[in-house]
Amino acid sequence: MCGIVGYTGSRSVSPILIEGLKRLEYRGYDSAGIAVKTESRVEVIKKKGKLRELEELVQKDPPEGEMGIGHTRWATHGVPSDRNSHPHTGCNGDFVVVHNGIIESFQRIKDQLEERGHIFSSETDTEVIAHLLEEEYQGNMREAIIQLFNILEGSYALLVLSRKEPDKLYAVRQDSPLIIGRGNGENYIASDIPAFLKYTNEFYLLDDEEFAEVQKDSIVIYDIMGEPLEKEIFEVNWDSEMVEKSGYQHFMLKEIHEQPDALRRVLGDRISPGNINLEEINLFPESIKDYNKVQIIACGTASYAGIVARYIIEELARIPVELDTGSEFRYRNPLIDDKTLVIVVSQSGETADTLAGLRLARKRGARVIALTNVVGSSIAREADDVLFLKAGPEIAVASTKAYITMLAAFYLLAILFAKGRGTLDSREVEKLISEVLRLPELSAEVLRSSKDKARELAGLFKETKSSFYIGRNTDYALSLEGALKLKEISYIHAEAYQAGELKHGPLALIEEGVPVVALASRLSLFDKIMSNIKEVKARGGTVIALTFNGKEEINKSVDHVFFIPRINELFAGAVAIIPLQLLAYYTALEYGYNVDQPRNLAKSVTVE
Ligand code: BG6
């Protein structure tokens, strides 16, 4: 996934484009480029590598103009290089394009255009669009854009700057997010809200098969037939401070420290002593009776929150729960119907595979509830109901606070479902609710108590090429996320394994000094995990355990322990994940890696 920006107004455009791209760099950082309409021409500057390299190039000789487009890339077609960087032009330079998405039919179109004499200068799918516009433009840009919709297959958010209509920027959306920020005598276009939050909090959200003609003092949005549309302005209650590091070295560390507040917000007025209220999503205790199955669909960290949820919902509400990653769900012909309650989970609300899962589930007649962090995102707009996670903007590519709010949201759903299905009496419901209400303060306590130990233990992962995270039941589900954090930002191969399965194979990989993180917060299975820990110790593994205060007996059997405050073991995940996040963070720091923008990854992937 890439980040695209556009600006038209009366200010010098280059610094505005660069700054907008900086705020979208979590979407891709393989290369970057801008195109600026100057007095005499359209100047294109692009460079392989991090945005700062483009910034240095631009600062050497900044192109002067008041309108331009920009791009930061997450490579899909063509290696990261100067020539594959966006913006792209055609043969005669009349059309300059930046693109986020994948043109699935690009090779066929490219072949046809080459037969007609077009010469391509990059390996990208995007370049075909600039050449295609040269073919399709017959004096009216809107008609040429409509032609693009008819010809292109795939997902695309496009910005087009053309010499033919030099006062207008064109923004085109098909299956890839695009928003237009309304200013005063100036207007902004971007893939995501943080790009221009500094200048405006009023946005138009483009839907699929829509395009916009943007000038500095007007925004006109059209449907695929070229008919003008009346679109509502959408106000964002985020401010630019929220997308700053606020003195932390990295966004990830800042977001880890924002978790107690994120928990307070996601719980908010949805929970009070003895009661859970999810009327905002038209979900009442008895609603669950309409369904005979819950299906969770998500990708990455969100899917790991779904695995925790599966254990808890089945245990408390006694209703079958299935969990699929979006990329598998969309092609496995799932058993879904109107008796299935589907829950899609996505921090960004834009992950293509999860969105496709949502659409398939709806087509099969299922009701879809979305857990997402981004108001106005595609998933938020296409789900039947949305439970917003209220984690605030999450900039670091490795998700932390969004994960913890996903867990808390699932705790609320599990208790509500159990109440509705009568599998828990009101006294049990009250007790569980009082435990969930303790999460914000306990997470703050664990942040304080585990930070130094995490920093100290990070050294254990230095010089190791592999590590293990083990647990049983919800601890196993949590170990998946713990291992993912280490993989994402420290590039160490970390495998999460069901502790009872180790002896059936992976134990062969345990030798002197291999770090094994063992989660023991399911006290009902404490003795079981202890025997698995002993198996690891017997082969020389270095064990870092995590368990509750009061289980000090574990010290005899392991090398290091994170102790967390007691809470109902079903809800321990939202507390126990914090030491694991910090361990991964400090390990990446030991290696000096770019924690917020780990190699090869992006914040959410809007392409399949
Ligand atoms: C990946 C991110 O691209 O997408 C992960 O790097 C994230 O952090 C995953 O968990 C799913 O994203 P989302 O926005 O759908 O939760």
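Residues numbered from 1 in each chain as written. Predicted model: local features only at pLDDT ≥ 70, side-chain atom pairs only at ≥ 80, totals over all residues. Heavy atoms only, no water.

For an interface, size is often stated in terms of accessible area lost upon the parts coming together. Taken domain by domain, the protein consists of domain 1 (3-242), domain 2 (246-437) and domain 3 (446-594). At the interface, 29 residues of domain 2 touch 28 residues of domain 3. Where domain 2 abuts domain 3, roughly 2,500 Å² becomes buried across the two surfaces, and 70% of that area is made up of carbon and sulfur atoms. If you look at where domain 2 meets domain 3, you find 1 salt bridge. Summed over the shared surface of domain 2 and domain 3, the result is 10 residue pairs in polar contact (both at pLDDT 80 or more). Listed by contribution, the elements that provide at least two residues to the side of domain 2 that touches domain 3 are helix H6 (251-257), helix H7 (259-267), helix H8 (300-317), helix H12 (401-421) and helix H13 (426-436). At 9 residues, the largest contribution of residues to the side of domain 2 that touches domain 3 is made by H8. When the residues that make up the side of domain 2 that touches domain 3 are grouped by side-chain class, the tally is 19 nonpolar, 8 polar and 2 charged. (Domains from an automatic or database assignment. Contact = heavy atoms within 4.5 Å. Buried area = accessible area lost by both parts, 1.4 Å probe. Salt bridge = Lys/Arg side-chain N within 4 Å of Asp/Glu carboxyl O. Polar contact = N/O pair within 3.5 Å; in protein donor to acceptor, adjacent residues only side chain to side chain. Helix = DSSP H or I, 4+ residues; strand = E, 2+ residues; numbered from the N terminus. Nonpolar A, V, L, I, M, F, W, Y, C, P; charged D, E, K, R; others polar.)

Take the site of the ligand next. Of all residues adjacent to the ligand, which total 15 residues, the nearest are Ser346, Gln347, Ser348, Thr351 and Ala602. One nitrogen or oxygen atom from the side chain of Ser348 is found 2.7 Å from an oxygen atom belonging to the ligand. Between the ligand and the protein, one listed contact pairs an oxygen atom with a side-chain N or O atom of Thr351 at 2.5 Å. In isolation the ligand offers 390 Å² of accessible surface; the protein chains occlude 92% of this area. Within the shell around the ligand, the residues separate by chemical class into 5 nonpolar, 8 polar and 2 charged. (Near = heavy atom within 4 Å. Areas by Shrake-Rupley, 256 points an atom, 1.4 Å probe, with all protein chains shown as cover.)

This part covers the environment of Tyr204. Inspection of the secondary structure puts Tyr204 in strand E11 (residues 202-205). On a C-alpha basis, the gap between Tyr204 and Pro506 in space is 52 Å, while along the polypeptide they are 302 residues apart. Apart from residues lying up to four places away in sequence, Tyr204 is in contact with Leu178, Ile179, Ile180, Arg182, Ile219, Ile221, Lys231, Glu232 and Ile233.

The next thing to look at is the sheet that holds strand E7 (residues 154-162). What the 7 strands build is an open sheet, ordered E5-E6-E7-E8-E12-E13-E14; its pairing is antiparallel. Each edge of the open sheet carries a strand with a single partner, namely strand E5 (88-89) and strand E14 (228-229). With respect to the sheet, helix H5 (residues 141-151) is in contact with strand E6 (95-103), E7, strand E8 (169-174), strand E12 (210-215) and strand E13 (218-223), its orientation differing from that of E8 by roughly 20 degrees. (Pairing = 2+ DSSP bridges. Axes fitted to C-alpha atoms, helices over the stretch in contact; angles between N-to-C directions.)

It is worth spelling out the packing of aromatic side chains at this point. Within this structure, the stated rule accounts for 12 aromatic pairs. With a centroid separation of 6.2 Å and 50 degrees between ring planes, the pair formed by Phe149 and Phe211 is classed as tilted. Of the two residues, Phe149 is situated in helix H5 and Phe211 in strand E12; the sequence distance between them amounts to 62 residues. Under the relative-accessibility criterion, Phe211 is labelled buried at 0%. Clustering of aromatic rings is evident, with ring pairs tying together Tyr7, Tyr188, Phe196 and Tyr199. One Lys or Arg, Lys462, reaches over the ring of Tyr591 and ends 5.2 Å from the middle of that ring. (Phe/Tyr/Trp six-rings, centres within 6.5 Å; stacked < 30°, edge-to-face > 60°. Buried < 20%, exposed > 50% of the residue type's maximum accessible area, 1.4 Å probe, protein only. Lys NZ or Arg CZ within 6 Å of the ring centre and 35° of its normal.)

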